Amino acid sequence: MEERLNKAEAIMQKPSFRQNKGLGNEVGYYIFDYPAEQELAVRERVAYIRKKNEQSGDEYQVEVFDLYEIMIEILKNKGYLEKCYEFEKKKGFERITKSVGNMLRITAKDSLIVNYIKERTPEKAIVFLVGIGKCYPILRSHTVLNNLHQVIDNVPVVMFYPGKYDGQELVLFSEIKDDNYYRAFKLVD
């Protein structure tokens, strides 16, 4: 894992990576997949990269977006978080999952999560998406990536994914297969 993280960090430091060059005019969306049991090591490395970037004075910023934390923040700000707990007790997990997804407009072009990321992404940045496993099944990674493709095309986006990505499909937690096609590059093998 350490070797793969070192390789990923080296790739992201290259100016050509930050400028989305060398992809045949494709938008720079990448997936760094890893075994779910390595979650804590990946979180530590992401925090390290962000802090290193803050202290470097580089012209670009590493912006880390934890999708779970964004989801909770939006629910709190709208006054729905406590209501969600009660709703889940009464109606069950499946119903609250659907209700929260609808409230966040997850599949819509004006997704609250996508807008949150867009509004907080500077012009010169690398976007890190984390917290994928914590959001499942309310928020699906393919939905976020597909909607982000519509609004963020000037900076690279790296999704840290706790599962397996073969260049076309994702398998979460080594068992939940996501049959959606991804327009994203595998960051490192």
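Let me begin by describing the structure that accompanies this report.

Definitions and limits used
- Residues numbered from 1 in each chain as written.
- Predicted model: local features only at pLDDT ≥ 70, side-chain atom pairs only at ≥ 80, totals over all residues.
- Heavy atoms only, no water.
- Salt bridge = Lys/Arg side-chain N within 4 Å of Asp/Glu carboxyl O.
- Helix = DSSP H or I, 4+ residues; strand = E, 2+ residues; numbered from the N terminus.
- Core = buried A, V, L, I, M, F, W, Y, C linked by side-chain atoms within 4.5 Å.
- Buried < 20%, exposed > 50% of the residue type's maximum accessible area, 1.4 Å probe, protein only.
- Contact = heavy atoms within 4.5 Å.
- Patch = residues over 30% accessible without salt bridge, like charges linked within 9 Å, V, L, I, M, F, W, Y side chains within 5 Å.
- Areas by Shrake-Rupley, 256 points an atom, 1.4 Å probe, with all protein chains shown as cover.
- Lys, Arg positive; Asp, Glu negative; His and termini not counted.
- Charge placed at Lys NZ, Arg CZ, Asp CG, Glu CD.

1. Observations concerning the pattern of salt bridges
What the rule picks out here adds up to 10 salt bridges. A salt bridge links R4 to D33; its shortest N-O distance comes to 3.0 Å. Here R4, found in helix α1 (residues 2-13), pairs with D33, found in strand β1 (residues 29-34); they are 29 residues apart in sequence, far enough to count as distant. A salt bridge links K52 to E9; the nearest nitrogen and oxygen atoms lie 2.8 Å apart. Of the two residues, K52 is situated in helix α3 (residues 39-56) and E9 in helix α1; the sequence distance between them amounts to 43 residues. Three or more residues are tied together by salt bridges with common partners; here these are E2, E9, R45 and K52.

2. Section: the nonpolar core
Ranked by size, the top nonpolar core spans 36 residues in total, and within it L67, I70, L104, I113, I117, L129 and L148 carry the most contacts. In terms of residue count, helix α4 (residues 67-77) provides more of this core than any other element does, six residues in total. Once you skip the residues sitting within four places of it in the chain, L67 turns out to touch I113, I117, L129, V130, G131, I132, C135, L139 and V144. I49, V64, V158 and L187 belong to the second largest nonpolar core, which has 20 residues in total.

3. As for the side chain of S111
Looking at where S111 falls in the secondary structure, it is placed in the loop between α6 (93-103) and α7 (112-119). When sequence neighbours within four positions are dropped, the list of residues in contact with S111 reads L104, R105, I106 and N147.

4. A short note on a positive patch on the surface
Taken together, the side chains of K90, K91, R95 and K98 make up a positively charged region of the molecular surface. Counting only elements with at least two residues in the positive patch, the list comes to α5 (81-91) and α6. Mapped onto the fold, K91 is located in helix α5.

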